[in-house]
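Topology and contacts: notes
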Protein chains: 2
Amino acid sequence: MSTKENLGAGGVTLLDVAREAGVHVSTVSRALDPAHHSRVKEVTRQHIEAVADRLGYRPDMVARGLKSGRTATIGVIVADLGNTFITPVIHALTAAVESAGMMPMIAETEDDHDRFANILDHMLSRRVDAMIVMSARSADRQVLESAGRILPIVVAGRPLDGTTLPEVVVDEYAGGRLIAEHFAESGHSLVAQLRGPLDVANFPRRDAGFTAACHEHGLEQVLVPETATLPVIAEGRRIMEALISTTNNRPTAIFAHNDLMALGALSRLREEGIRVPDDLSLAGYNDLPMVGHISPSLTTVNYPGKDVGRLAGEMILRLLGGEQVESCTLKPELVVRESTRATH
Amino acid sequence: MSTKENLGAGGVTLLDVAREAGVHVSTVSRALDPAHHSRVKEVTRQHIEAVADRLGYRPDMVARGLKSGRTATIGVIVADLGNTFITPVIHALTAAVESAGMMPMIAETEDDHDRFANILDHMLSRRVDAMIVMSARSADRQVLESAGRILPIVVAGRPLDGTTLPEVVVDEYAGGRLIAEHFAESGHSLVAQLRGPLDVANFPRRDAGFTAACHEHGLEQVLVPETATLPVIAEGRRIMEALISTTNNRPTAIFAHNDLMALGALSRLREEGIRVPDDLSLAGYNDLPMVGHISPSLTTVNYPGKDVGRLAGEMILRLLGGEQVESCTLKPELVVRESTRATH
DNA sequence: CTGTTAGCGCTTTCAA
DNA sequence: TTGAAAGCGCTAACAG
């Protein structure tokens, strides 16, 4: 046990182990570092390991970080933990970076630019080795890219228009198209969107894809001028309300820009006595774990979160290894369930 | 710019600022540290701050952590980010510790003991100043308490039987009672539980409270021997299935140990053509943000996540300030919605 | 194969 | 009020 008692990591230092084992601290350092295993005699190594074990030695990553410049920590910034499409992303990226001995450090912006900037700053201060950012809004680009000149950053899940940073994203335009095509095939002719915040690139892209496919298939759109300030249940309700109260020619199918907004819309529709799908078809986006289990189960677009997470994690690892990487775009898939149906 | 280029924090060190400002690094350190503001002449301080700003100085918390023993980081361990009752807890505790300049570092065990032990180890290695643990299963107690001898730990959300660590929890026994009483008042006489994992203390307590109140009110329980391995949708389905297939006298009201399990049960019941609440009443637990919006909206027990998070954060801060703290237990509230109704 | 040495960037005595 | 100096625990040359 060393003299000072401000030690969070367990109190036992390399020096303690060295003394107890009767060798020099650098020998202990080498013996305990898998990368330098080989540079120390087998029997000393075993002896050192035994001593370290007995003393309960735990490496101090803070000290290691100061010396080596690496903290084995990946900063992960998300917008809203309540939006559960990120859960599989986090699981997969954790698994990916964990295999390299790294650990994600998750923080949440609550979709606020100031909080975003703050978190970025904190993470840089804490010297995370790299970052995976899933919370980017267009206003965040400047500060994010300047951080990108300091350490490797991968933008995941939420695309960022005009960024030079590598991205792992899903083809949102294609996703929007899928919904419109599904509506067209089901015989709808008047449709509408409940749009998410336009400064989160996913949503204008879904809008663009949906709108393009509507044109191609001769669907007419009722435009709801309002867009959600956040992609959440309450905002879905609010935009749905706006649609109900202002329109006299009611669409027969609605595309809510994500599942949470669809949930909000659904509950507002129930209050109004409008039945889904009998009176109105409704589709969401993301395929949250629960939306296949509710009534009516939700037609939606699958979000390949596992792949996004795995690829983002692998990309970070490659970046840290000095390799070049290229952005990649995954394909979404339509999931048809009960909330949409053909017109008669 | 210093010579070495392994600097993650922005590249500018205290020394750089000192040189540029024409003072000694210790003066810069004092000038930039709010706690030592006073010990440096006002005009030098302003000058130093200006230089630091111009150079884009960012403190290196790794170096600071090594020297001072504090990293301004609170480890937060959760079981499952997909279970959104934790979202408000995280928001509130973030707000609480943020006011003291600290940042939570969130990690997820996925309800696995080995992962739990690993994360604990990592966090100790990284010298977090304290930890808030919301993922404890009974098997985790040993290792958790031994960590508790190294740094302050608060157990939150999930109680831990027999622990000596301070807790911020909700009265789960009372919560279980609330549901049974509600069933009794609604005229039910044969009821059942879909129980969560018994090594997570919330669930046996809910069971005990529910069972006690059943006895008091003369309710008979159909016992489902199986318990969920995890408190998730799929397990809710599975236990519901077990109840459906083995029982010939069917209960008229069911208490699922949390909302996710209730969702699973609900979807299984729909397949079976059993209507909720017409044929069967169903209650959940936690009041997840979405369960008031689905159909039928779920009767459940409110989980005061905001308070749990705030209190846990404040408790950690007090512990770090050397104060004594006492465990506290919050009261849950019943939320009656559409999924339960009176028998005729 | 092992020991010596020199710091990483910062805080914090102790002197001046 | 400021400077000098020591050192937190560890890694990584370089010697031997």
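How each quantity is defined
Residues numbered from 1 in each chain as written. Chains lettered and ligands numbered in written order. Predicted model: local features only at pLDDT ≥ 70, side-chain atom pairs only at ≥ 80, totals over all residues. Contact = placed C-beta atoms within 7 Å. Helix = DSSP H or I, 4+ residues; strand = E, 2+ residues; numbered from the N terminus. Nonpolar A, V, L, I, M, F, W, Y, C, P; charged D, E, K, R; others polar. Axes fitted to C-alpha atoms, helices over the stretch in contact; angles between N-to-C directions. Left-handed = near helix turned anticlockwise from the far one by under 90°. Least-squares fit on C-alpha atoms with pLDDT ≥ 70 in both. Buried ≥ 20, exposed ≤ 12 C-beta atoms within 10 Å, placed from the backbone. Arc of directions from axis to C-beta. Pairing = 2+ DSSP bridges. Right-handed = clockwise from strand over helix to strand, strands pointing away. Near = placed C-beta within 6 Å. Core = buried A, V, L, I, M, F, W, Y, C linked by C-beta atoms within 7 Å.

Quick look at the interface of chain A and chain B
Of the residues lining the interface, 45 residues belong to chain A; the matching set on chain B comes to 44 residues. Elements represented by at least two residues in the side of chain A that touches chain B include exactly α4 (61–68), α5 (86–98), β2 (103–108), α6 (113–125) and α11 (259–272) of chain A. In terms of residue class, the side of chain A that touches chain B is made up of 21 nonpolar, 16 polar and eight charged.

Some points on the packing of α5(A) against helix α12 (residues 305–320) of chain A
Residues and elements named next belong to chain A. Their axes nearest at 7 Å, the elements α5 and α12 cross at an angle of 35°. At the point where α5 passes α12, the crossing takes the right-handed sense. For the pair α5 and α12, the contacting residues are Ile86, Pro88, Val89, Ile90, His91, Ala92, Leu93, Ala96 and Val97 in the first and Gly305, Lys306, Val308, Gly309, Arg310, Ala312, Gly313, Glu314, Ile316 and Leu317 in the second.

What to know about the relation of the copies chain A and chain B
Mapping one chain copy onto the other needs a rotation about an axis and a shift along that axis. The two copies are related by a screw operation: chain A maps onto chain B through 180° of rotation and 0.0 Å of translation along the axis, at an RMSD of 0.1 Å. Both copies are brought into coincidence by an operation consistent with a two-fold rotation axis.

Observations concerning helix α4 (residues 61–68) of chain B
Within α4(B) the residues assigned to the buried category are Met61(B), Val62(B) and Gly65(B). One face of α4(B) carries all of its buried residues, which in axial projection span an arc of 105°. Turned more than 90 degrees off the buried face of α4(B), the exposed positions are Lys67(B) and Ser68(B). Contacts made by the buried residues of α4(B) are with α4 and α6 of chain A.

Observations regarding the sheet that holds strand β7 (residues 220–222) of chain B
One key point about sheets: their strands pair by backbone hydrogen bonds, in either a parallel or an antiparallel sense. All names here are of chain B. Overall, parallel pairing links the four strands, which are arranged β7-β6-β8-β9 in an open sheet. Two strands bound the open sheet, and with one partner strand each, they are β7 and β9 (281–283). Within this sheet the neighbouring strands show an average axis-to-axis angle of 25°, counted without direction. In this sheet, β9 lies alongside strand β8 (residues 253–256) in parallel orientation, the contact comprising three bridges. Across the sheet, Ile254 pairs through a bridge with Leu282, a residue of β9.

Quick word on the pairing of strand β6 (residues 190–194) of chain A
All names here are of chain A. The element β6 is extensively covered by neighbouring structure, given that four of its five residues are classed as buried. As judged from the three bridges shared by β6 and strand β7 (residues 220–222), these two strands associate in the parallel manner. Residue pairing in the sheet places Val191 in a bridge with Gln221 of β7. Assessed by its sense of winding, the connection that carries the chain from β6 through helix α9 (residues 202–216) to β7 is right-handed. Sheet topology places β6 next to strand β8 (residues 253–256); four bridges connect them, and they run parallel. Across the sheet, residue Leu194 finds its bridge partner in β8, namely Ala256.

Description of the protein's contact with DNA strand D
Leu14(A), Ser26(A), His24(B), Lys41(B) and Lys67(B) are the nearest of the 27 residues found near DNA strand D. Sorting the residues of the surface near DNA strand D by element identifies α1 (14–21), α2 (25–32) and α4 of chain A together with α2 (25–32) and α4 of chain B as the ones contributing at least two each. Of the residues forming the surface near DNA strand D, the biggest block, five residues, is contributed by α4(A). Taken together, the residues of the surface near DNA strand D break down into ten nonpolar, nine polar and eight charged.

Re the nonpolar core
Within the largest apolar cluster, 180 residues are counted, with the highest numbers of intra-cluster contacts made by Ile132(A) and Ile132(B). Residues within four places of Ile132(A) in sequence aside, it is in contact with Ile74(A), Val76(A), Leu93(A), Val154(A), Ala156(A), Ala312(A) and Ile316(A).

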